[in-house]
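One-letter residues, chain by chain:
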Amino acid sequence: MIKKEIAHIRKQFKLDHDLLNNYDILNVYIMKDSTEIYHWERQPFALVDREKQELHMGNFKKLLSGELGQKLFELKFHDTVEEGEPTMVLLHQALITGDPDEWQDLMLHLVEKMIKDRKYEKDMVVTFIRGQYFRPTKSRNDAAEETGKDEMFAHPFILCSVNSTESQRKTLMFDYVERQFKYNVFVDPIIKLSTPEQGFFYPSVTDGYSDINRVLYCSGKANEPNSFFVEQVLNAEPTVTALEERTIFEDIVKEVAGETLDSSTIAYVYEEINRVVESHDTEEPPTLDFKDVERLLTASGVEDVTPEKVEQAFQTVVDDRNYEIKASSVVPKFTSKSIRIDTKIATITVSPQDLKHVKQVNFQGRKCLLIEVDEDVAIEGFTLATENL
């Protein structure tokens, strides 16, 4: 699953969209510290109040927002599980059934997996929706050329969102009719639809086609997937976050080149990786194996780099000589100030492509940060005087 496919799906989640059909919605309420379902209700999405529909649509779009490897993770299901029915089988049956009652029962069974041997700190609401969205096929037929319309493929889907609740605050209100101030205490909890905790979209999409063997897991916080939900609820393989992948890459480079690198070398490494990402022309995201890392380190000016040395570094860091690192996880956002330089004096942010203009130098026995600029620097409205060193 790639970024543009997720973006296409997310765009469908708005009211009255002609490429999206929502059939049923199921809301399940779970009390904190409980091991059973407190309440649930299912109804056709079309019969839900329009104001509620808008809230749910906003929640679903929020759930599907974020970067792959950070908040969104395409997971592969385990072939077998120790006990019970595999979630992949359950979801596939729920996807193909035309019976709303059977779909409901299968989703409630999935909720039972969420609360088994698990206590939540807050009351939780689990929302399921089933429907289908449409997407043009890659090739256009003659009729499509004549009418200007692409042939459409229907993609059935199930989306799940897990949201926490919070208690309402005590408030002081003014009554316009009686013209007096009133003290009010609301006891009904608020469902935090604007900040989903986690969820999933099934099935995933590979090369424009539904992939029933994979699921898109959505985390509420960047680089913090819930291992219990991933492994015990979805029965999927553990995932490696973009942050973890970047750490793996950094450790491999340190094994090969040492702890100390100048800013120009780091900048060239990022430029080489970004070139790999930009020039990649297939649907699958580009990866870096030990041969790729050896090539880009050599191109960046790192000395004494050999394939054997890099291969051994992979073995040392990840215990797998054939491990492949997602290139997009390693390089910071290239056109924005995504690199943060922290010192006791100041914090500076620069883009990877401008990192080569920042150097650490020794001046009169003191370490200094030297930043090359093309223009005069202004501080609080004053132009900073230029000193010759």
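To be clear, the structure that these remarks concern was listed above.
Residues numbered from 1 in each chain as written. Predicted model: local features only at pLDDT ≥ 70, side-chain atom pairs only at ≥ 80, totals over all residues. Heavy atoms only, no water.

> Describe the layout of surface pockets, and please don't skip the residues or the numbers.
Roughly 1600 Å³ of volume is contained in the largest pocket. Considering the residues around the largest pocket, the lining is formed by 46 residues, among which Leu-68, Pro-285, Lys-326, Ser-328 and Ser-329 are closest to the centre. Breaking the lining of the largest pocket down by element, the ones donating at least two residues are helix H1 (3–12), strand S3 (72–76), helix H7 (242–257), helix H8 (263–279) and helix H11 (327–330). When residues of the lining of the largest pocket are assigned to their parent elements, the largest contribution, five residues, is made by S3. When its residues are assigned to classes, the lining of the largest pocket shows 17 nonpolar, 13 polar and 16 charged. Formed jointly, the lining of the largest pocket draws a minimum of three residues from each of two domains, domain 1 (3–142 + 150–239) and domain 2 (243–330). Taken together, 35 residues make up the lining of the second largest pocket; nearest its centre are Leu-261, Ser-263, Ile-266, Ile-341 and Leu-355. For the lining of the second largest pocket, the elements supplying multiple residues, two or more each, are H7, H8, strand S15 (339–342), strand S17 (358–363) and strand S18 (366–371). For the lining of the second largest pocket, the per-class residue count stands at 19 nonpolar, six polar and ten charged. (1 Å grid on protein atoms, 1.4 Å probe; cavity = no way out; pocket = protein on both sides within 12 Å on 5 of 7 lines; lining within 4 Å. Points joined across faces, edges and corners; volume = space filled by probe spheres on them. Helix = DSSP H or I, 4+ residues; strand = E, 2+ residues; numbered from the N terminus. Nonpolar A, V, L, I, M, F, W, Y, C, P; charged D, E, K, R; others polar. Domains from an automatic or database assignment.)

> Before we move on, could you go through the side chain of Asn-27 and cite the residues and values that matter?
Here Asn-27 shows up in strand S1 (residues 20–30). Judged by its relative accessible area of 17%, Asn-27 falls in the buried class. A polar contact is formed between the side chain of Asn-27 and the side chain of Thr-127, at a distance of 2.8 Å. Residues in contact with Asn-27, not counting those within four places in the same chain, are His-39, Trp-40, Glu-41, His-56, Val-125, Val-126 and Thr-127. (Buried < 20%, exposed > 50% of the residue type's maximum accessible area, 1.4 Å probe, protein only. Polar contact = N/O pair within 3.5 Å; in protein donor to acceptor, adjacent residues only side chain to side chain. Contact = heavy atoms within 4.5 Å.)

> Which residues make up the state of the cysteines, and what values go with them?
Tallied over the entire structure, the rule returns zero disulfides. Not engaged in a disulfide, the cysteine Cys-218 finds its nearest cysteine sulfur in Cys-160; these two sulfurs lie 9.2 Å apart. Look at Cys-218 and you get buried, because its relative accessible area is 0%. (Disulfide = S-S within 2.5 Å.)

> So what's going on with unusual backbone geometry? Which residues, and what values?
Residue Pro-203 follows Tyr-202 across a cis peptide bond; omega there is -5°. For Pro-203, the position within the fold is in the loop between strand S9 (198–202) and strand S10 (204–206). The backbone phi angle of Asp-16 is positive, close to 65°, even though this residue is not glycine. The residue Asp-16 is located in the loop between H1 and S1 in this model. The backbone phi angle of Asn-223 is positive, close to 60°, even though this residue is not glycine.

> Any details on helix H9 (residues 290–299)? Residues and values, ideally.
Restricting attention to buried positions, one finds in H9 the residues Phe-290, Val-293, Glu-294, Leu-296 and Leu-297. Just downstream of H9 lies Gly-301, where phi reads positive at about 95°.

> Outline the packing of aromatic side chains, supporting the account with residue identities and numerical values.
Enumeration according to the criterion identifies twelve aromatic pairs in this entry. Relative to Phe-157, the ring of Tyr-133 has its centre 6.2 Å away and its plane inclined at 50°; by these criteria the two rings are tilted. Linking Tyr-133 in strand S4 (residues 124–136) with Phe-157 in strand S5 (residues 152–166), this pair joins segments that are 24 residues apart in sequence. For the pair Tyr-133 and Phe-157, a shared accessibility class is recorded, and that class is buried. For the ring pair Tyr-217 and Phe-229, a centre distance of 5.8 Å and an interplane angle of 35° mean the geometry is tilted. With a gap of twelve residues between them, Tyr-217 in strand S12 (residues 214–219) and Phe-229 in helix H6 (residues 227–233) connect regions that are remote in the sequence. Summarising the burial analysis for this pair, Tyr-217 and Phe-229 share the class buried. (Phe/Tyr/Trp six-rings, centres within 6.5 Å; stacked < 30°, edge-to-face > 60°.)

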